[in-house]
Amino acid sequence: MREGLIPTVLGTVVTASGAAFLGSKYKLAATGVLGFGLAHIVLGAIDLIEHR
């Protein structure tokens, strides 16, 4: 399995979860979860590109 694939997939799931909660009363928490997921996607993508 390629290095960085798991953080990228995990980031996608977390980002989708955060986006789903943006319309709820927990908007601040949803924004934090969304940012956390995006950070995982970026860092996982860097690993994927770095370890080709």
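- An unreviewed UniProt entry annotates the chain as Asparagine synthase originating from Paenibacillus stellifer.

**Some details on helix α2 (residues 27-50)**
Piece 1. For α2, spanning 24 residues, the distance from its first C-alpha to its last is 34 Å, which sits close to the expected 34 Å at 1.5 Å a residue.
Piece 2. Here α2 has its buried residues at Ala-30, Leu-34, Gly-37, Gly-44 and Leu-48.
Piece 3. Contact partners of the buried residues in α2: α1 (5-20).

**Considerations on the environment of Leu-48**
Piece 1. Checked against the element boundaries, Leu-48 lands in helix α2.
Piece 2. Take Leu-48: its relative accessible area is 19%, and that puts it in the buried class.
Piece 3. When the C-alpha positions of Leu-48 and Gly-4 are compared, they lie 5.1 Å apart, and in sequence the two are 44 residues distant.
Piece 4. Apart from residues lying up to four places away in sequence, Leu-48 is in contact with Arg-2, Glu-3, Gly-4, Leu-5 and Thr-8.

About the cut-offs
Residues numbered from 1 in each chain as written. Predicted model: local features only at pLDDT ≥ 70, side-chain atom pairs only at ≥ 80, totals over all residues. Heavy atoms only, no water. Helix = DSSP H or I, 4+ residues; strand = E, 2+ residues; numbered from the N terminus. Expected span 1.5 Å × (residues − 1). Buried < 20%, exposed > 50% of the residue type's maximum accessible area, 1.4 Å probe, protein only. Contact = heavy atoms within 4.5 Å.

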